[in-house]
Amino acid sequence: MIKVVPELQYSAEHEWVSRDGGGPAGIGITAVATDALGDIVYVDLPEVGSTVTAGETCGEVESTKSVSDLYAPVSGEVVAINDAVIEDPALINNDPYGAGWLFKVAVTADGPLLSAEEYAAANGAEL
Amino acid sequence: MSETSSHTALYDQHRALGASFTDFGGWQMPLKYSSELLEHKAVRAAAGLFDLSHMGEVEVSGPDAGAFLDYALVGRLSAIAVGKAKYSLICTDDGGIIDDLISYRRAEDNYLVVPNAGNAKAVAAALAERAADFDVTVDDQSSRTSLIAVQGPHAEQILLDLVPAGQADDVRSLKYYAATEVTVAGLDILLARTGYTGEDGFELYVPNESAAVLWNALLRAGTPHGLVPAGLACRDSLRLEAGMPLYGNELSLGVDPYAAGLGPVVALSKEGDFVGRAALERKKAAGPARKLVGLQGLGRRAARSHYPVLQDGQTVGEVTSGAPSPSLGYPVAMAYVDAALAEPGTELQVDLRGKAEPFRVVPLPFYKRAK
């Protein structure tokens with residue numbers, strides 16, 4: 001069964017958002033997404049300093065057998081990207097909610113986000 | 001799960017190994033067991049175990065078997081020696097490709113013809129129809145035959161662990177595109193040195209009731225040699241690196257052998273008529289408008305099936321298969337492009353979802369194993 005982390009929020013396009021305190025939000029893709037994509041070999045992330053808009057594409061994730069657009073789950077300025085996953089995209093498969101995080105955003109507005117329960121129910125995943 | 005898709009005799013083995021499944025040619029087949037990259041690399045470095053029981057098996061037997069296949073297929077099948085195999089095509093009257101297939105000559109008057117899963121019924125039907133004026137029997141054995149492949153540099157060593165000592169030399173001396181009867185794990189099987197990965201390897205034909213015993217024996221014997229069960233995802237990336245066409249991608253009813261680079265497979269010099277001859281003679285004389293080429297991506301993004309190939313903003317072709325090559329580390333693709341642009345070294349672009357990325361025409365295959 002595919003895992004969903006209870007403490008995170010989710011977009012319908014399979015991004016997760018980590019909000020602890022008032023700092024920037026961490027963003028990555030879920031295990032549902034990595035399972036569907038297979039082994040990820042290339043990731044294209046927004047640049048630090050650029051602005052992303054909730055619901056719009058801001059990059060892409062490519063696996064051996066498929067490619068998927070990355071949608072910004074929130075709006076705001078990108079303040080950090082995970083260089084480690086650009087060097088080693090397998091980190092996203094191995095630890096999608098941890099070492100495989102993608103970028104951080106200083107949030108100005110949320111997109112429509114789901115709770116872990118809602119996201120898990122919609123995707124046949126478990127908490 | 002689709003109600004119409006079939007399970008192979010090894011479905012329970014795949015489930016127990018944790019496979020994720022995909023529908024392919026009307027069959028529920030393992031897509032991958034763990035990671036398709038790991039499986040791909042295991043086949044290149046050690047060995048992979050594939051269930052290919054979705055493939056068809058059609059036996060053609062009788063005094064006219066060789067002459068019949070010369071008529072039904074585009075190659076000269078009557079000329080191959082007993083124990084040898086030949087890659088060929090079955091075409092329509094118009095010269096379109098119904099399927100690409102391998103035929104094994106098992107005896108003077110007996111061939112095993114192996115079509116692709118999705119085409120097995122069409123091929124069996126076409127062969128039966130074309131057999132009317134020949135003294136042959138066409139027997140579609142697909143539903144009762146399983147096919148298991150062991151592919152990779154360690155494949156021979158794995159087979160040697162499972163055959164009686166007296167047959168070791170039969171395995172060692174078996175040439176590429178040849179087949180022999182041996183006993184593997186106590187089962188009498190047809191062992192062929194063929195494959196679809198670009199590596200050394202074997203394909204083993206057995207009746208369905210023996211498939212699980214053979215699979216388990218190969219898995220047990222192979223594991224110490226680095227063998228892993230391997231799914232269709234890595235089969236596709238392996239055959240793409242090896243420049244091998246996939247029916248439905250590179251080959252179709254709308255494609256003729258000359259466009260696909262398979263002209264040498266068509267034996268126009270053979271005596272007598274064969275299905276598609278007149279059309280193929282015309283197509284050869286005219287030359288194809290587009291040709292199948294290999295493309296190497298100069299960036300990191302991969303081209304995918306159906307993406308347009310561009311030159312200076314004009315569409316000059318279409319990608320048929322594409323992926324990031326796990327062995328080579330750059331994107332590879334096959335594409336049909338205007339014949340004038342098919343020379344290796346030609347700089348083209350592929351429209352990757354709205355952005356033109358640079359690709360270069362390169363010779364096929366992309367990957368060749370070290371001898």
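Up top you'll find the structure we're talking about.
Not measured: the values here are computed from a predicted model. Within any chain, residue numbers begin from 1 and follow the written order of that chain's sequence. Here the convention is simple: chains get letters from A, ligands get numbers from 1, in the order in which they are written. Per-residue local features of the predicted model are confined to residues with pLDDT of at least 70, and side-chain atom pairs are confined, for both listing and counting, to 80 or more; whole-chain, interface and lining totals are unaffected and use all residues. Calculated side-chain values reflect all of the structure's heavy atoms, with hydrogen atoms and water omitted.

## Considerations on the interface of chain A and chain B
How big an interface is tends to be stated in terms of the accessible area lost upon association of its parts. Whether two residues are in contact is decided by their heavy atoms: any pair within 4.5 Å suffices. Taken together, the contact pairs 14 residues of chain A with 16 residues of chain B. The largest share of the area that chain A buries against chain B comes from D39, Y42 and T64 of chain A, three residues that together contribute 41% of it. The working definition used for a salt bridge is a side-chain nitrogen of Lys or Arg within 4 Å of a carboxyl oxygen of Asp or Glu. Here chain A and chain B share three salt bridges between them. A salt bridge links E62 of chain A to R304 of chain B, with the shortest nitrogen-to-oxygen separation between them at 2.8 Å. Contacts described as polar in this section are N or O atom pairs within 3.5 Å, which, within protein, must combine one atom able to donate a hydrogen with one able to accept it, while residues neighboring in sequence count only if both atoms come from side chains. Taken together, chain A and chain B are joined by eleven residue pairs in polar contact (both at pLDDT 80 or more). The helix and strand labels rest on DSSP assignments: H or I over at least four residues marks a helix, E over at least two residues marks a strand, and numbering proceeds from the N terminus. Mapped onto the side of chain A that touches chain B, the elements with two or more residues apiece are α1 (31-37), β4 (40-44) and β6 (57-63) of chain A. A simple way to read buried area is as the amount of 1.4 Å-probe accessible surface that goes missing from two parts once joined, with both sides added.

## Regarding the sheet that holds strand β9 (residues 103-110) of chain A
All names here are of chain A. One open sheet accounts for six strands, arranged β1-β2-β3-β9-β8-β5; its pairing is antiparallel. Of all strands in the sheet, those bounded by a partner on one side alone are β1 (9-10) and β5 (51-52). At least two bridges found by DSSP between two strands are what make those strands a pair. In the sheet, strand β8 (residues 74-81) pairs with β9 via seven bridges, with the strands oriented antiparallel. Bridge assignment links V78 to a residue of β9, and that residue is V105.

## So, the nonpolar core
All names here are of chain B. Counting 33 residues, the largest nonpolar core has L204 and L218 as the members making the most contacts within it. Elements supplying a minimum of two residues to this core: β4 (47-51), β10 (145-151), α5 (155-160), α6 (168-172), β11 (179-184), β12 (187-192), β13 (201-207) and α7 (208-222). If you tally residues by element for this core, the top one is α7, at seven residues. Excluding anything up to four places from it in sequence, L204 contacts S146, L147, I148, V150, L159, V184, I189, L190, L191, L214 and L218. We call a set of buried Ala, Val, Leu, Ile, Met, Phe, Trp, Tyr and Cys residues a nonpolar core when their side-chain atoms join them within 4.5 Å. A simple rule labels every residue: compare its accessible area, found with a 1.4 Å probe on the protein chains alone, to the largest value its type can have, and call it buried under 20%, exposed over 50%, or partly exposed in between. Listed in part, the 24 residues of the second largest apolar core include C91, L251, L268 and V332.

## Digging into the packing of aromatic side chains
The aromatic pairing rule takes the rings of Phe, Tyr and Trp, using the six-membered ring of Trp, and pairs them if the centres are within 6.5 Å, calling planes under 30 degrees apart stacked, those over 60 edge-to-face and the rest tilted. Throughout the structure, instances matching the rule amount to seven aromatic pairs over all chains. With a centroid separation of 4.7 Å and an interplanar angle of 10°, the aromatic rings of Y10 of chain A and Y119 of chain A are classed as stacked. A residue pair is termed long-range when its members are at least 10 positions apart, and Y10 of chain A in strand β1 and Y119 of chain A in helix α4 (residues 116-123) qualify at 109 residues. When the ring of F68 of chain B is compared with that of F134 of chain B, the centres are 5.5 Å apart and the planes differ by 65°; the resulting orientation is edge-to-face. Placement of the pair is F68 of chain B in helix α3 (residues 65-72) and F134 of chain B in the loop between α4 (120-130) and β9 (137-140), with a sequence separation of 66 residues. These aromatic residues form a ring-pair network of at least three members: F68, Y71 and F134 of chain B. Over a ring means this: the NZ of a Lys or the CZ of an Arg is within 6 Å of the ring centre and within 35 degrees of the ring normal. Sitting over the ring of Y367 of chain B, R44 of chain B keeps its end group 3.8 Å from the ring centre. Cation over ring: K270 of chain B sits above F274 of chain B, and NZ or CZ is 4.3 Å from the ring centre.

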